[in-house]
Amino acid sequence: MKLNLKVWRQKDRNSQGQLVDYTLDHLNPHMSFLEMMDTLNETLILNGEEPVEFDHDCREGICGQCGMMINGIAHGPLENTTTCQLHLRSFQDNETIFIEPFRSAAFPVKRDLRVDRSAFDRIISSGGFVSTNTGQAPDAHSLPISHQLTEEAFDAAACIGCGACVATCKNGSAALFTSAKINHLVLLPQGKEERQERVINMVQQMDAEAFGHCSNTEACEVECPQGISVLNIARMNYEYNRALITRK
Amino acid sequence: MKLDAKIPAGSLEHKWDNFKKKAKLVNPANRKKLDVIVVGTGLAGSSIAASLGEMGYNVKSFCFQDSPRRAHSVAAQGGVNAAKNYKNDGDSVYRMFVDTLKGGDFRAREANVYRMAECSLNLIDQAVAQGVPFGREYGGYLNNRSFGGVQVSRTFYARGQTGQQLLLGAYQALMRQVGKGAVQLFARHEMLDLVVIDGKARGIIVRNLDNGEIERHAAHAVVLATGGYGKIYYLSTLAMGCNGSAIWRAHKKGALMASPSWIQIHPTSLPQSGDYQSKLTLMSESLRNDGRIWVPTKADETREANTIPEDERDYYLERRYPAFGNLAPRDISSRAAKERIDAGFGIGPLKNAVYLDFAKAIKEQGHDKIKEKYGNLFDMYRKITGVDAYKEPMMISPSAHFSMGGLWVDYELMTTLPGLFALGEANFADHGANRLGANSLLQASVDGYFIAPYTIANYLSGDIHTGKISTDHPEFARAHEAVEGSLQQLIGINGSKTVDYYHKTLGKILYDYCGLARHAAGLELAIQEIRKLREDFYKNVKVPGNLSSMNSELEKAGRVADYLEIGELMCFDALTRNESCGAHFREEYQTEDGEALRNDSEYQFISAWEWPGMQGEPILHKEELTFEVLQPIVRSYK
Ligand SMILES: Cc1cc2nc3c(=O)[nH]c(=O)nc-3n(C[C@H](O)[C@H](O)[C@H](O)COP(=O)(O)OP(=O)(O)OC[C@H]3O[C@@H](n4cnc5c(N)ncnc54)[C@H](O)[C@@H]3O)c2cc1C
Ligand code: SF4
Ligand code: FES
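Residues numbered from 1 in each chain as written. Chains lettered and ligands numbered in written order. Predicted model: local features only at pLDDT ≥ 70, side-chain atom pairs only at ≥ 80, totals over all residues. Heavy atoms only, no water.

**Q** Help me get a handle on the packing of helix 2 (residues 118–125) of chain A against helix 5 (residues 175–187) of chain A, residues and values and all.
**A** All names here are of chain A. Between helix 2 and helix 5, whose axes approach to 11 Å, the crossing angle comes to 30 degrees. When the axis of helix 2 is compared with that of helix 5, the two are roughly parallel. In terms of crossing hand, the pair formed by helix 2 and helix 5 is right-handed. On helix 5, the residues touching Phe-120, Ile-123 and Ile-124 of helix 2 are Phe-177, Thr-178 and Lys-181. A per-class count over the contact of helix 2 with helix 5 returns four nonpolar, one polar and one charged. (Axes fitted to C-alpha atoms, helices over the stretch in contact; angles between N-to-C directions. Helix = DSSP H or I, 4+ residues; strand = E, 2+ residues; numbered from the N terminus. Parallel < 35°, antiparallel > 145°, perpendicular 65-115°, else oblique. Left-handed = near helix turned anticlockwise from the far one by under 90°. Contact = heavy atoms within 4.5 Å. Nonpolar A, V, L, I, M, F, W, Y, C, P; charged D, E, K, R; others polar.)

**Q** Describe in detail the sheet that holds strand 12 (residues 292–296) of chain B, supporting the description with residues and values.
**A** In sheet architecture, strand pairing relies on hydrogen bonds along the backbone and comes in two forms, parallel and antiparallel. All names here are of chain B. What the five strands build is an open sheet, ordered 11-15-14-12-13; its pairing is antiparallel. Looking along the sheet, the strands with just one partner apiece sit at the ends: strand 11 (263–269) and strand 13 (313–314). The sheet contact formed by strand 12 and strand 13 spans two bridges and is antiparallel. Along strand 13, the bridge assignment pairs Pro-296 with Arg-313. (Pairing = 2+ DSSP bridges.)

**Q** Give a description of the interface of chain A and chain B that names residues and reports values.
**A** Each side of the interface is counted separately: chain A has 71 residues, and chain B has 74 residues. Between chain A and chain B the total buried area reaches about 6,300 Å² when both faces are included, carbon and sulfur atoms providing 51% of it. The salt bridge partner of Lys-84 of chain B is Asp-139 of chain A, with a shortest N-O separation of 2.9 Å. Here chain A is connected to chain B by 46 residue pairs in polar contact (both at pLDDT 80 or more). Going through the elements one at a time, helix 1 (33–46), strand 6 (109–111), strand 7 (114–115), helix 2, helix 3 (147–157) and helix 5 of chain A are the ones with two or more residues in the side of chain A that touches chain B. Here the residues of the side of chain A that touches chain B are counted per class, giving 26 nonpolar, 26 polar and 19 charged. (Buried area = accessible area lost by both parts, 1.4 Å probe. Salt bridge = Lys/Arg side-chain N within 4 Å of Asp/Glu carboxyl O. Polar contact = N/O pair within 3.5 Å; in protein donor to acceptor, adjacent residues only side chain to side chain.)

**Q** Lay out the confidence of the model for chain B with the relevant residues and their values.
**A** Looking at chain B as a whole, the pLDDT averages 96, with 100% of positions reaching at least 70. Among the prediction metrics, the complex's ipTM stands at 0.98, with pTM recorded as 0.97. (pLDDT = per-residue confidence, 0-100.)

**Q** Describe the sheet that holds strand 2 (residues 58–62) of chain B, listing the residues and the values that go with them.
**A** All names here are of chain B. The five strands are arranged 5-2-1-9-17 in an open sheet whose pairing can be described as parallel. Each edge of the sheet is formed by a strand with only one pairing partner; in this case those strands are strand 5 (183–186) and strand 17 (420–422). This sheet shows a mean twist of 20 degrees between the axes of neighbouring strands, independent of strand direction. Pairing geometry for strand 9 (residues 221–224) and strand 17, over three bridges, is parallel. Each residue of the ladder has a partner; that of Leu-224, found in strand 17, is Ala-422.

**Q** If you had to explain the state of the cysteines to someone new, which residues and values would you point to?
**A** Residue and element names in this part refer to chain B. Within this structure, the stated rule accounts for zero disulfides over all chains. Not part of a disulfide, Cys-581 finds its nearest cysteine sulfur in Cys-514, a span of 12 Å. We classify Cys-581 as buried; its relative accessible area is 0%. (Disulfide = S-S within 2.5 Å. Buried < 20%, exposed > 50% of the residue type's maximum accessible area, 1.4 Å probe, protein only.)

**Q** Please provide a residue-by-residue account of the side chain of Arg-9 of chain A, values included.
**A** Residue and element names in this part refer to chain A. Structurally, Arg-9 can be placed in strand 1 (residues 3–9). At 3.1 Å, the side chain of Arg-9 and the backbone oxygen of Glu-50 are in polar contact. Setting aside chain neighbours within four positions, we find Arg-9 in contact with Gln-16, Gly-17, Gln-18, Val-20, Tyr-22, Leu-44, Glu-50, Pro-51, Val-52 and Asp-112.

**Q** Describe the pattern of salt bridges, and please don't skip the residues or the numbers.
**A** Counting across every chain of the model gives 69 salt bridges over all chains. As a salt-bridge pair, Asp-463 of chain B and Arg-202 of chain B come within 2.9 Å of each other at their nearest N and O atoms. Remark: Arg-202 of chain B occurs in strand 7 (residues 200–208) and Asp-463 of chain B occurs in the loop between helix 12 (440–460) and helix 13 (474–493); sequence separation between them is 261 residues. Residue class for Asp-463 of chain B comes out buried when judged on its relative accessible area of 2%. Here Arg-531 of chain B makes a salt bridge to Glu-568 of chain B, at a shortest N to O gap of 3.0 Å. Separated by 37 residues along the polypeptide, Arg-531 of chain B in helix 15 (residues 520–540) and Glu-568 of chain B in helix 16 (residues 552–576) bring together distant segments of the chain. Salt bridges linked by common partners bring Glu-53, Asp-55, Arg-114 and Arg-117 of chain A together with Asp-66 and Arg-70 of chain B together as one network.

**Q** Let's hear about the site of ligand 1: which residues, and what values?
**A** All names here are of chain B. Around ligand 1, 37 residues are found, and the nearest of them are Gln-65, Ser-73, Met-191, Glu-425 and Leu-441. Within the side chain of Glu-425, an N or O atom sits 2.7 Å from an oxygen atom of ligand 1. Here an oxygen atom of ligand 1 and a backbone polar atom of Asn-439 are 3.4 Å apart. In the complex, 98% of the free accessible area of ligand 1, which totals 1,000 Å², lies under the protein chains. Elements supplying a minimum of two residues to the shell around ligand 1: helix 3 (43–55), strand 6 (189–197), strand 15 (394–403) and helix 12. Looking at side-chain class alone, the shell around ligand 1 contains 16 nonpolar, 18 polar and three charged residues. (Near = heavy atom within 4 Å. Areas by Shrake-Rupley, 256 points an atom, 1.4 Å probe, with all protein chains shown as cover.)

**Q** Summarise the packing of aromatic side chains; cite the residues concerned and give the values.
**A** For the structure on display, the rule yields 28 aromatic pairs over all chains. Aromatic side chains Phe-537 of chain B and Tyr-538 of chain B sit 5.1 Å apart centroid to centroid with 85 degrees between the ring planes, which places their arrangement in the edge-to-face category. Accessibility expressed as a relative area gives 0% for Phe-537 of chain B, which makes it buried. Accessibility expressed as a relative area gives 29% for Tyr-538 of chain B, which makes it partly exposed. Residues Tyr-603 of chain B and Phe-605 of chain B carry aromatic rings whose centres are separated by 5.7 Å and whose planes lie at 40 degrees to one another, so their mutual orientation is tilted. By relative accessible area, Tyr-603 of chain B is classed as buried at 11%. Since its relative accessible area comes to 4%, Phe-605 of chain B is described here as buried. Taken together, the aromatic side chains of Phe-107, Phe-120, Phe-177 and Phe-211 of chain A make up a single cluster linked through ring pairs. (Phe/Tyr/Trp six-rings, centres within 6.5 Å; stacked < 30°, edge-to-face > 60°.)

Structure, rendered in structure tokens:
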């Protein structure tokens, strides 16, 4: 099949970027989207041009490193699917595809399609953990946790930190990402002890980064590859208010 | 060179305790004076960096991804083993030790294997304390599943995302230390050389992948937790950036490389569908608990799978290995698949796959139960192939997956270079010639959480009075210049073939001659081919861009340059081992019915290779293995 690509090219953080046209022919519909990008780069290199920089690593939907806006949609047209898991069979022959980076004030473009998502790491380091030191811990069975609770916590813990939620949000809010970690930990007895400080610190860190405020458009849930529910955001708000009230 | 594994005295069960009792400690006030570099943020790297940070050392943590949470440990699906015996099915530390040693075909150290089994108990406790949501039963207690090569259920899991959840636990522990300032994080930094001063590892040279800057970092000890090099085959279950460069460059600075040819080829990955393919996705081995593996009895079968009657299907694992059936260990399952595919019974458009069929399980347990157990794997299969595996069998094929080989380390996880430690998949220890499923998340974690914190402290206790290591030392300058020179050389070639071309060609050579089955003539040929390819690489590779900005082609070129050397050493290693053991199957050494033929009298050793310099052949050292508790027996899964 044939595809007409319009790819965002930007030399570095401080340069102006622009869309550049490329056409690829004889593509196999079973190719993955990133393999199509590989093919494009192979052609560019052999033509003496600089290849397109894009983020990726595992190519199986779990590391959260890949991510592009494809025709204006984070990770492209399929629901609950990362860019690396997308295949050309989801596109029409001769289709024109816009490929742009995940844009957000908190995710500056580093080059071409690569963005800086280190703000996410800073949010986690502000409180996204259980403060237990390594080396010693009580027997795992000393703490039964119901099947249902574990499953609920897992649903939140499944976040891969890709940033599609932020890229999709018109406010550039990181509420879905942050709330997923808060809920993973607050649902479990291990995480309850620090619930107050955690939610306050993480929300404050989120606000200190250049993320916008959540105005409940719920667009993030639709694009999230892990199907993280917006109910997490409601629960984070509850936790936050509760913490502010009960804080000593 | 005399290899001293430094195994502590005492009976097997007491060795680790004996070590800990005698290990030297560093007083908390002195720890602040000691710097440690940890390269890698997978389970091994994150856990040791977090632990050392908690203890009060100054830690610098490096990874090439844009966040430590993306290390390839994240991709492990199936589970992690621990001898908790929560199922009361007769499991114990001893049994786990036996299974692991036997699974590795008696090519691992007894003491190491026993320690791993022993520490497995603590790992589950540790992970639960961190909030890892392992699967639980309705009563609230932890659930287990069974994995290939064993007859008990000792595998803990978190849906099909066990690696992700364990890694997030370790990552969060690491980020907690980053927040406290105990660990400095350097994401998107790639280690390009090790700095050795007066015979000791004292620092590294890294490249900042975002702006191309070359940096020097000094420390009293360097830990490599840089994962496996299975990506050398190009098509593999590893991530695109996985590499052997960190350990290889350490090897060239003096660390011995152990049994590099022991690479596990996983039986259940998705088959290659075309030349453009960049990776082979793993379908968790846990699927073999309920899926049945078969091929048609007729070669070149053209009918659809569901229309082939039962008596025209060959469930070859159940046929050849009735005791273990579809749960036979990985090396055996992969080889059995290759045997059928080579004999012309392969299925799929490229005739390179076998079926993994859930029809019977769905009939017996119901669609919902299977969905609950494997739903995310079936979804993943549909996303990649467009096929609904609830209705049709999956197509699977073997793929390069795990490197048992790696840097040689002693019992303390220290390489032959003092001050250089190797943890996790980057070292060779514990798995012997074949790794059992769900044992490597375990190994990476126990190395970092429970073992290295003691052994590194033991080493650092000798450095309390050393003072800061300066990056102005001439050895830093020399390594810095060498790194810059070799990057410049790669860009300067400006030839006509891409880096991927060389990587793919190398991968094909290795799959053909140093993969599931090897023979002397093929290995000799492969060595010649790899040398030719390497020569061509340095004449004709094309690396665009420049050194001083983001340049992923340059990163790839450096990794492939190393792979072109590692591949040759793998072939040498396979060639000198005139026996079949575990993942290393030499066609010349097999029984009449095609099973591996080990040679304990001559090959009961770990090969440890020394770098000979750019000229000359690698130099072999041997660590003889002795078995005091368990006498080597022939592995039989029949
Ligand atoms: C698809 C898949 C599924 C698996 N499933 C299971 C399973 O179910 N159970 C099980 O027990 N095992 C499983 N394994 C194996 C297991 O996941 C790995 O062996 C283990 O996670 C390795 O951990 P590690 O910490 O040693 O390395 P990794 O997690 O690979 O981490 C390597 C780290 O090193 C860094 N790094 C590498 N090179 C450099 C460099 N030059 N400079 C700077 N940083 C560098 C990387 O950035 C990364 O942070 C699986 C493996 C794969 C590939
Ligand atoms: S919440 Fe979803 S979209 Fe946002 S980072 Fe996590 S996985 Fe990605
Ligand atoms: S490359 Fe890892 S999630 Fe896409």
